[in-house]
Amino acid sequence: MIAPLLFTWLQGADFYRALHREAVEMLPIGDGETWLDIGCGPGLVTRFAAERKYRAIGIDTDPQMVAAAKRIARHANSSADFQTGDFTTLPAESAQVVSAASLLAVLPDREAGLRSLWRLLHSGGTLLIIEPTNQMTSENAARAIQNGLPQKRVLGLRMWANARQGNIVHPSMYETLSTGSLRFLPLLQGLVGGWILQK
Ligand SMILES: C[S@@+](CC[C@H](N)C(=O)[O-])C[C@H]1O[C@@H](n2cnc3c(N)ncnc32)[C@H](O)[C@@H]1O
(Lines give C-alpha, C1' and ligand atoms only; values in the text may rest on other atoms or scores of the structure.)
Protein backbone atom coordinates (compact mmCIF):
# COMPACT_ATOMS: atom_id res chain seq x y z
CA MET A 1 0.00 0.00 0.00
CA ILE A 2 2.88 2.39 0.78
CA ALA A 3 4.70 1.95 -2.54
CA PRO A 4 1.79 3.13 -4.75
CA LEU A 5 1.27 6.19 -2.52
CA LEU A 6 4.98 6.98 -2.49
CA PHE A 7 5.38 6.65 -6.26
CA THR A 8 2.18 8.61 -6.95
CA TRP A 9 3.62 11.38 -4.78
CA LEU A 10 7.06 11.18 -6.43
CA GLN A 11 5.65 11.12 -9.98
CA GLY A 12 3.90 14.40 -9.14
CA ALA A 13 7.22 16.14 -8.36
CA ASP A 14 8.18 18.77 -10.94
CA PHE A 15 11.81 17.55 -11.23
CA TYR A 16 10.66 13.93 -11.71
CA ARG A 17 8.05 14.81 -14.33
CA ALA A 18 10.49 17.03 -16.24
CA LEU A 19 13.28 14.45 -16.51
CA HIS A 20 10.93 11.66 -17.58
CA ARG A 21 9.24 13.90 -20.14
CA GLU A 22 12.64 14.86 -21.55
CA ALA A 23 13.59 11.16 -21.81
CA VAL A 24 10.37 10.23 -23.63
CA GLU A 25 10.89 13.15 -26.02
CA MET A 26 14.17 11.55 -27.12
CA LEU A 27 12.00 9.21 -29.20
CA PRO A 28 10.26 10.26 -32.40
CA ILE A 29 6.52 10.98 -32.40
CA GLY A 30 4.69 7.70 -32.88
CA ASP A 31 1.92 6.62 -35.23
CA GLY A 32 0.04 4.13 -33.10
CA GLU A 33 2.98 1.76 -32.57
CA THR A 34 2.94 -0.25 -29.34
CA TRP A 35 5.03 1.16 -26.46
CA LEU A 36 5.30 -1.08 -23.40
CA ASP A 37 6.29 0.77 -20.22
CA ILE A 38 7.57 -1.97 -17.93
CA GLY A 39 7.39 -1.48 -14.17
CA CYS A 40 5.19 1.53 -14.89
CA GLY A 41 4.21 2.27 -11.29
CA PRO A 42 1.51 4.98 -11.37
CA GLY A 43 2.05 5.43 -15.09
CA LEU A 44 3.94 8.69 -15.66
CA VAL A 45 6.09 7.48 -18.58
CA THR A 46 3.14 5.55 -20.04
CA ARG A 47 1.06 8.73 -20.16
CA PHE A 48 3.90 10.69 -21.78
CA ALA A 49 4.24 7.91 -24.39
CA ALA A 50 0.49 8.10 -25.10
CA GLU A 51 0.77 11.89 -25.51
CA ARG A 52 3.48 11.17 -28.06
CA LYS A 53 0.94 9.20 -30.13
CA TYR A 54 1.98 5.65 -29.23
CA ARG A 55 -0.39 2.88 -28.20
CA ALA A 56 1.00 3.02 -24.68
CA ILE A 57 0.54 0.15 -22.25
CA GLY A 58 1.97 0.13 -18.73
CA ILE A 59 2.79 -3.21 -17.12
CA ASP A 60 3.37 -3.71 -13.41
CA THR A 61 3.28 -6.72 -11.09
CA ASP A 62 1.67 -4.65 -8.33
CA PRO A 63 -2.12 -4.41 -8.82
CA GLN A 64 -2.27 -1.34 -6.60
CA MET A 65 0.23 0.47 -8.83
CA VAL A 66 -1.93 -0.46 -11.82
CA ALA A 67 -5.10 0.74 -10.06
CA ALA A 68 -3.40 4.07 -9.28
CA ALA A 69 -2.14 4.36 -12.87
CA LYS A 70 -5.62 3.73 -14.28
CA ARG A 71 -7.21 6.27 -11.96
CA ILE A 72 -4.65 8.99 -12.79
CA ALA A 73 -4.90 8.30 -16.54
CA ARG A 74 -8.69 8.57 -16.37
CA HIS A 75 -8.48 11.95 -14.60
CA ALA A 76 -5.86 13.13 -17.10
CA ASN A 77 -7.97 11.98 -20.08
CA SER A 78 -5.00 9.90 -21.22
CA SER A 79 -5.38 7.01 -23.66
CA ALA A 80 -2.66 5.07 -21.78
CA ASP A 81 -3.74 1.57 -20.80
CA PHE A 82 -2.44 -0.55 -17.91
CA GLN A 83 -2.19 -4.25 -17.11
CA THR A 84 -1.07 -6.18 -14.08
CA GLY A 85 1.63 -8.67 -15.02
CA ASP A 86 5.23 -9.83 -14.90
CA PHE A 87 7.11 -8.66 -17.99
CA THR A 88 9.29 -11.78 -18.08
CA THR A 89 6.21 -13.79 -19.06
CA LEU A 90 5.04 -11.50 -21.91
CA PRO A 91 5.31 -12.74 -25.50
CA ALA A 92 8.53 -11.97 -27.38
CA GLU A 93 8.61 -9.23 -29.99
CA SER A 94 5.44 -7.51 -28.80
CA ALA A 95 6.46 -3.85 -29.01
CA GLN A 96 8.21 -1.25 -31.10
CA VAL A 97 9.30 0.62 -27.97
CA VAL A 98 9.96 -0.73 -24.48
CA SER A 99 10.73 1.60 -21.59
CA ALA A 100 11.97 0.76 -18.12
CA ALA A 101 12.32 3.62 -15.65
CA SER A 102 13.87 2.73 -12.30
CA LEU A 103 13.03 -0.92 -12.93
CA LEU A 104 16.38 -2.68 -13.43
CA ALA A 105 17.71 -1.49 -10.06
CA VAL A 106 14.90 -3.27 -8.19
CA LEU A 107 15.17 -6.61 -9.99
CA PRO A 108 16.87 -9.56 -8.30
CA ASP A 109 18.86 -10.35 -11.48
CA ARG A 110 19.49 -7.14 -13.46
CA GLU A 111 21.23 -8.80 -16.41
CA ALA A 112 18.46 -11.36 -16.88
CA GLY A 113 15.95 -8.49 -16.57
CA LEU A 114 17.73 -6.53 -19.29
CA ARG A 115 17.68 -9.56 -21.61
CA SER A 116 13.95 -10.03 -20.95
CA LEU A 117 13.27 -6.38 -21.82
CA TRP A 118 15.25 -6.81 -25.06
CA ARG A 119 13.27 -9.93 -25.93
CA LEU A 120 10.03 -7.90 -25.92
CA LEU A 121 11.19 -5.73 -28.81
CA HIS A 122 10.53 -6.20 -32.51
CA SER A 123 13.65 -6.15 -34.64
CA GLY A 124 14.45 -2.47 -35.23
CA GLY A 125 12.65 -1.50 -32.02
CA THR A 126 13.91 0.82 -29.29
CA LEU A 127 14.66 0.21 -25.64
CA LEU A 128 14.60 3.28 -23.36
CA ILE A 129 16.20 2.87 -19.96
CA ILE A 130 16.05 5.58 -17.32
CA GLU A 131 18.22 5.05 -14.25
CA PRO A 132 20.27 7.15 -11.83
CA THR A 133 23.96 7.53 -12.77
CA ASN A 134 26.94 7.31 -10.43
CA GLN A 135 26.46 11.08 -9.96
CA MET A 136 23.32 10.39 -7.90
CA THR A 137 24.73 11.05 -4.44
CA SER A 138 23.21 12.88 -1.48
CA GLU A 139 25.77 15.64 -1.92
CA ASN A 140 25.05 16.14 -5.63
CA ALA A 141 21.30 16.00 -5.02
CA ALA A 142 21.62 18.71 -2.35
CA ARG A 143 23.68 20.80 -4.77
CA ALA A 144 21.10 20.40 -7.55
CA ILE A 145 18.36 21.50 -5.16
CA GLN A 146 20.40 24.53 -4.08
CA ASN A 147 21.00 25.37 -7.74
CA GLY A 148 17.29 26.00 -8.07
CA LEU A 149 15.19 22.94 -8.93
CA PRO A 150 11.45 23.61 -8.79
CA GLN A 151 10.49 23.12 -5.15
CA LYS A 152 7.36 20.98 -5.51
CA ARG A 153 8.16 17.66 -3.76
CA VAL A 154 11.89 18.21 -4.20
CA LEU A 155 12.36 16.15 -1.02
CA GLY A 156 11.77 13.19 -3.35
CA LEU A 157 15.19 13.81 -4.91
CA ARG A 158 16.89 13.58 -1.51
CA MET A 159 15.07 10.30 -0.86
CA TRP A 160 15.97 8.95 -4.31
CA ALA A 161 19.65 9.84 -3.86
CA ASN A 162 19.73 8.20 -0.43
CA ALA A 163 18.20 5.03 -1.87
CA ARG A 164 20.45 4.82 -4.94
CA GLN A 165 23.81 6.18 -3.80
CA GLY A 166 26.30 3.34 -4.28
CA ASN A 167 23.62 1.09 -5.78
CA ILE A 168 23.16 2.15 -9.36
CA VAL A 169 22.74 -0.06 -12.42
CA HIS A 170 26.13 -0.07 -14.12
CA PRO A 171 25.70 1.19 -17.72
CA SER A 172 28.38 -1.18 -19.07
CA MET A 173 25.65 -3.81 -18.79
CA TYR A 174 23.83 -2.20 -21.73
CA GLU A 175 26.81 -2.82 -23.99
CA THR A 176 26.40 -6.57 -23.50
CA LEU A 177 23.38 -6.50 -25.83
CA SER A 178 24.08 -6.85 -29.52
CA THR A 179 22.90 -3.37 -30.29
CA GLY A 180 23.04 -1.37 -33.47
CA SER A 181 23.45 1.84 -31.53
CA LEU A 182 23.52 3.10 -27.97
CA ARG A 183 22.75 6.72 -27.13
CA PHE A 184 23.04 8.41 -23.75
CA LEU A 185 21.29 11.56 -22.59
CA PRO A 186 22.18 13.12 -19.24
CA LEU A 187 19.04 14.13 -17.36
CA LEU A 188 18.55 16.17 -14.18
CA GLN A 189 22.02 17.73 -14.29
CA GLY A 190 23.57 14.31 -14.95
CA LEU A 191 22.20 12.63 -11.82
CA VAL A 192 20.02 10.46 -14.05
CA GLY A 193 20.62 9.01 -17.49
CA GLY A 194 18.44 8.07 -20.41
CA TRP A 195 19.87 5.26 -22.55
CA ILE A 196 18.43 4.44 -25.96
CA LEU A 197 19.30 1.09 -27.50
CA GLN A 198 18.27 0.12 -30.99
CA LYS A 199 17.59 -3.57 -31.66
C1 LIG B 1 11.01 1.63 -8.48
S2 LIG B 1 9.42 1.39 -9.17
C3 LIG B 1 9.49 2.50 -10.57
C4 LIG B 1 8.11 2.99 -11.00
C5 LIG B 1 8.14 3.94 -12.21
N6 LIG B 1 8.65 3.29 -13.40
C7 LIG B 1 8.94 5.18 -11.92
O8 LIG B 1 10.03 5.34 -12.50
O9 LIG B 1 8.47 6.02 -11.14
C10 LIG B 1 9.60 -0.20 -9.93
C11 LIG B 1 8.27 -0.81 -10.36
O12 LIG B 1 8.55 -2.04 -11.06
C13 LIG B 1 7.56 -2.99 -10.72
N14 LIG B 1 8.10 -4.32 -11.02
C15 LIG B 1 9.07 -5.01 -10.36
N16 LIG B 1 9.31 -6.21 -10.94
C17 LIG B 1 8.46 -6.29 -12.01
C18 LIG B 1 8.21 -7.29 -13.00
N19 LIG B 1 8.88 -8.45 -13.00
N20 LIG B 1 7.28 -7.04 -13.97
C21 LIG B 1 6.60 -5.86 -13.97
N22 LIG B 1 6.77 -4.89 -13.02
C23 LIG B 1 7.69 -5.09 -12.06
C24 LIG B 1 7.28 -2.71 -9.25
O25 LIG B 1 6.03 -3.21 -8.85
C26 LIG B 1 7.35 -1.18 -9.20
O27 LIG B 1 6.09 -0.60 -9.42
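Let me begin by describing the structure that accompanies this report. Owing to the predicted nature of the structure, the values given are computational and were not obtained by experimental measurement.

With that settled, the discussion passes to helix α1 (residues 2–11). Of the positions making up α1, those classed as buried are Pro4, Leu10 and Gln11. For α1, the arc enclosing every buried residue in end-on projection is 130°, short of the 170-degree limit, so these residues lie on one face. For α1, the exposed residues lying more than 90 degrees away from the buried face are Ile2 and Leu5. On its buried face, α1 sits against α2 (14–24), α3 (44–51), α4 (63–75) and α7 (155–164).

On any regular strand, side chains alternate: one points to one face of the sheet, the next to the other face. Across four bridges, strand β2 (residues 55–60) lies against strand β3 (residues 81–84) in parallel orientation. Bridge assignment links Gly58 to a residue of β3, and that residue is Phe82.

One pass over the full model with this rule turns up two salt bridges. One salt bridge connects Arg143 with Glu139, and the closest N-O pair in it is separated by 3.5 Å. Here Glu139 and Arg143 lie together in helix α6 (residues 138–146), a separation of four residues that amounts to about one turn. Note on Glu139: relative accessible area 58%, which makes it exposed.

Attention now moves to the sheet that holds strand β1 (residues 34–38). Taken together, the seven strands give an open sheet; going across it, the order is β3-β2-β1-β4-β5-β7-β6, and neighbouring strands pair in mixed fashion. Sheet topology places β3 and β6 (181–187) at the edges, where each strand pairs with a single neighbour. Ignoring which end each strand starts from, the neighbouring axes of this sheet average 20° apart. The pairing of β1 with strand β4 (residues 95–101) spans four bridges and is parallel. Looking at β4, one finds that Asp37 is bridged to Ser99. Sheet strands touched by helix α5 (residues 110–119): β1, β4, β5 (121–132) and β7 (192–198). Its angle to β5, the strand with the most contacts, is close to 140°.

Reading guide: rules and limits
- Residues numbered from 1 in each chain as written.
- Predicted model: local features only at pLDDT ≥ 70, side-chain atom pairs only at ≥ 80, totals over all residues.
- Heavy atoms only, no water.
- Buried < 20%, exposed > 50% of the residue type's maximum accessible area, 1.4 Å probe, protein only.
- Helix = DSSP H or I, 4+ residues; strand = E, 2+ residues; numbered from the N terminus.
- Arc of directions from axis to C-beta.
- Contact = heavy atoms within 4.5 Å.
- Pairing = 2+ DSSP bridges.
- Salt bridge = Lys/Arg side-chain N within 4 Å of Asp/Glu carboxyl O.
- Axes fitted to C-alpha atoms, helices over the stretch in contact; angles between N-to-C directions.

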